[in-house]
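# Architecture at a glance
Here is how the chains run, residue by residue.
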Amino acid sequence: MPLTLVIANRNYSSWSLRPWIFLTHLGLPFDEVLLPLDTPEFTARVHEYSPTGRVPALVDGDLVIHESIAILEYASELAGGAGWPGDRATRAVARAVAAEMHAGFSALRNACPMNLRASNRKIILTPAVTDCVTRLDALFTAHRSKHHSRGPWLFGEYSAADAMYLPVALRFKTYNLQGLGQIASAYLSTLTEDPLLAPWMQAALAETQVVAHDEVGE
Ligand SMILES: N[C@@H](CCC(=O)N[C@@H](CS)C(=O)NCC(=O)O)C(=O)O
């Protein structure tokens with residue numbers, strides 16, 4: 001039985017995008033179920049798939065895995081450990097960086113919801129948001145500087161860390177965020193110009209549902 005990834009609106013659901021792009025990079029076949037956010041359909045159906053009432057969830061037969069980062073780990077195991085750096089020390093750092101995204105950057109995530117249809121939205125940048133951008137710049141610059149000879153991704157070859165940081169990269173265009181240096185900006189372009197992202201983007205731009213609380217800025 002193929003895997004099923006339960007997601008929400010492609011335009012808004014950053015947590016859904018992470019496992020979607022990772023499964024796509026791993027080449028694991030999967031079906032999709034999309035539950036539109038803030039609708040009676042979402043409320044009625046989400047608990048069929050997710051114990052928390054949130055998406056994403058990955059269904060593999062009788063097994064249901066919720067929480068995006070756990071889905072990435074499970075997908076990597078299905079793919080024989082692909083999607084994490086082969087070297088143990090680098091893998092440990094990549095896991096720390098992925099966990100940092102899962103647990104952190106809340107000021108940026110709250111102030112700048114993912115909204116792929118929007119561009120150049122103007123928002124008031126609080127110091128907490130600026131701190132997030134500063135941390136992203138340091139993080140991207142450090143790891144790209146160390147691993148640049150092995151490929152264009154954060155740790156050279158594609159990894160779950162790249163999947164975790166894709167939505168934040170897409171927010172830079174939506175809100176015209178500034179503050180990244182040259183190395184970090186180049187990595188941002190690697191993420192946003194990933195050819196495997198194109199089908200998601202195309203579908204997101206074709207969505208018409210507006211989720212009011214995710215429409216921020218002017
Ligand atoms: N920590 C969760 C976050 C999941 C999450 O917040 N999902 C949002 C969609 S992006 C959701 O399901 N929202 C619906 C709701 O809260 O009712 C993860 O990493 O998967």
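Because the structure is predicted, anything quoted here is derived from the model rather than measured.

Domains assigned within the protein are domain 1 (3–81) and domain 2 (88–198). Computed from C-alpha atoms alone, the centre-to-centre distance between domain 1 and domain 2 is 21 Å. Each side of the interface is counted separately: domain 1 has 18 residues, and domain 2 has 23 residues. Roughly 1800 Å² is buried in total at the junction of domain 1 and domain 2, and carbon and sulfur atoms are behind 65% of that figure. The tally of links from domain 1 across to domain 2 stands at one salt bridge. Between Glu 73 and Arg 95 there is a salt bridge; the shortest N-O distance is 2.9 Å. In this assembly, domain 1 and domain 2 are joined by eight residue pairs in polar contact (both at pLDDT 80 or more). Sorting the residues of the side of domain 1 that touches domain 2 by element identifies α1 (14–26) and α3 (68–78) as the ones contributing at least two each. With nine residues, the single largest contributor to the side of domain 1 that touches domain 2 is α1.

What follows concerns the packing of α1 against helix α7 (residues 160–174). Interhelical geometry of α1 versus α7 gives an angle of 135° and a closest axis separation of 8 Å. Considering their axes alone, α1 and α7 lie oblique with respect to each other. The handedness of the crossing between α1 and α7 comes out as right-handed. Contact residues: Ser 14, Trp 15, Leu 17, Arg 18, Ile 21 and Phe 22 in α1; Ala 160, Ala 163, Met 164, Leu 166, Pro 167, Leu 170 and Arg 171 in α7. Taken together, the residues of the contact of α1 with α7 sort by class into 10 nonpolar, one polar and two charged.

Calculation notes
Residues numbered from 1 in each chain as written. Predicted model: local features only at pLDDT ≥ 70, side-chain atom pairs only at ≥ 80, totals over all residues. Heavy atoms only, no water. Domains from an automatic or database assignment. Contact = heavy atoms within 4.5 Å. Buried area = accessible area lost by both parts, 1.4 Å probe. Salt bridge = Lys/Arg side-chain N within 4 Å of Asp/Glu carboxyl O. Polar contact = N/O pair within 3.5 Å; in protein donor to acceptor, adjacent residues only side chain to side chain. Helix = DSSP H or I, 4+ residues; strand = E, 2+ residues; numbered from the N terminus. Axes fitted to C-alpha atoms, helices over the stretch in contact; angles between N-to-C directions. Parallel < 35°, antiparallel > 145°, perpendicular 65-115°, else oblique. Left-handed = near helix turned anticlockwise from the far one by under 90°. Nonpolar A, V, L, I, M, F, W, Y, C, P; charged D, E, K, R; others polar.

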